[in-house]
Structure formats: C-alpha cells, structure tokens
Amino acid sequence: MSDSGPIIEHRAERILAFMFVGVVGLSIAAFLAVMFGTLAGAGADDGFSRGVWPLVIMLPWFGLPLAFLLLIVLLIVNGMRRARSSRAGTS
C-alpha cells in the first residue's frame, strides 16, 4: 500500500454534507408521502388540513431552498479550504 499522506479531518464540510443529504431526503420523503396520501384518499373532505399533514405538505417548500443554501455554503467552505491548502503548498 502506498502512503498518500496524512488524512485531514474536515468536520465542517462533513456536517454540511450530511445536513444537505438529510434535508433533501426528508423533503423527498414528504413529497412522496403527499403523493401516496392523495392516492390513498387522505385529501378527500379536507383531510390534509388535519393532523400532521400540514407539516408534511410544507416541509419541501422550506426544506429544498434550505438544502440549496446548504449546498452553496458547502461549496464556499470547500473552496476556501482548497485555496488555503494551495497557498500553504506553494509557500
């Protein structure tokens, strides 16, 4: 096995990436739940206005823009780290 150098931990990037995946996954699951709930007839007679349905319906509306912002922040943090490591490598 070749030694590729020390492994550097990037905790902030990892946390942002897992948050991004979690928010997108939860939003997609909520979207699918609304689709299957409609198919099962949960929306009949104003059924989506009771229980947990309002939260499930609104989750993708806020989750997907939040995921987009998390992705932008992740790209900025990653770019700053790469620029910092590039400057340290050329000095």
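The preceding data block contains the structure.
About the criteria used
- Residues numbered from 1 in each chain as written.
- Predicted model: local features only at pLDDT ≥ 70, side-chain atom pairs only at ≥ 80, totals over all residues.
- Heavy atoms only, no water.
- Helix = DSSP H or I, 4+ residues; strand = E, 2+ residues; numbered from the N terminus.
- Buried < 20%, exposed > 50% of the residue type's maximum accessible area, 1.4 Å probe, protein only.
- Patch = residues over 30% accessible without salt bridge, like charges linked within 9 Å, V, L, I, M, F, W, Y side chains within 5 Å.
- Areas by Shrake-Rupley, 256 points an atom, 1.4 Å probe, with all protein chains shown as cover.
- Salt bridge = Lys/Arg side-chain N within 4 Å of Asp/Glu carboxyl O.
- Expected span 1.5 Å × (residues − 1).
- Contact = heavy atoms within 4.5 Å.
- Core = buried A, V, L, I, M, F, W, Y, C linked by side-chain atoms within 4.5 Å.

1. Observations concerning the environment of L66
Inspection of the secondary structure assignment puts L66 in helix α2 (residues 53-90). On the accessibility criterion, L66 (42% relative accessible area) is partly exposed. Expressed as a C-alpha distance, the spacing of L66 and V24, which sit 42 residues apart in the sequence, is 8.9 Å.

2. What about a nonpolar patch on the surface?
Together, I28, F31, L32, M35, F36 and L39 make up an exposed nonpolar region whose accessible area comes to about 650 Å². Among the secondary structure elements, F36 is positioned in helix α1 (residues 11-40).

3. What about α1?
For α1, with 30 residues, the first-to-last C-alpha span of 42 Å sits near the 44 Å given by 1.5 Å per residue. Buried residues along α1 sit in contact with α2. One or two positions beyond α1, positive phi appears at G41, with a value near 95°.

4. Digging into unusual backbone geometry
Phi is positive for D45, close to 55°, though the residue is something other than glycine. Positionally, D45 belongs in the loop between α1 and α2. Phi is positive for D46, which is not a glycine, with a value near 60°. By the secondary structure assignment, D46 is in the loop between α1 and α2.

5. Here's the deal with the nonpolar core
If you look at the biggest cluster of nonpolar residues, it comprises five residues: L16, V23, A67, L70 and L74. Sorting the residues of this core by element identifies α1 and α2 as the ones contributing at least two each. Apart from residues no more than four positions distant in its own chain, V23 is found in contact with G63, L66, A67 and L70.

6. Focus: the pattern of salt bridges
All told, the structure shown has one salt bridge when counted by the stated rule. The closest approach of N and O atoms between E13 and R81, which form a salt bridge, is 2.5 Å. Placement of E13 in helix α1 and of R81 in helix α2 is noted, with a sequence separation of 68 residues between them. Since its relative accessible area comes to 13%, E13 is described here as buried. Using a relative accessible area of 22% as the deciding quantity, one classes R81 as partly exposed.

Bear in mind that shape data such as this cannot, by itself, settle questions of function.
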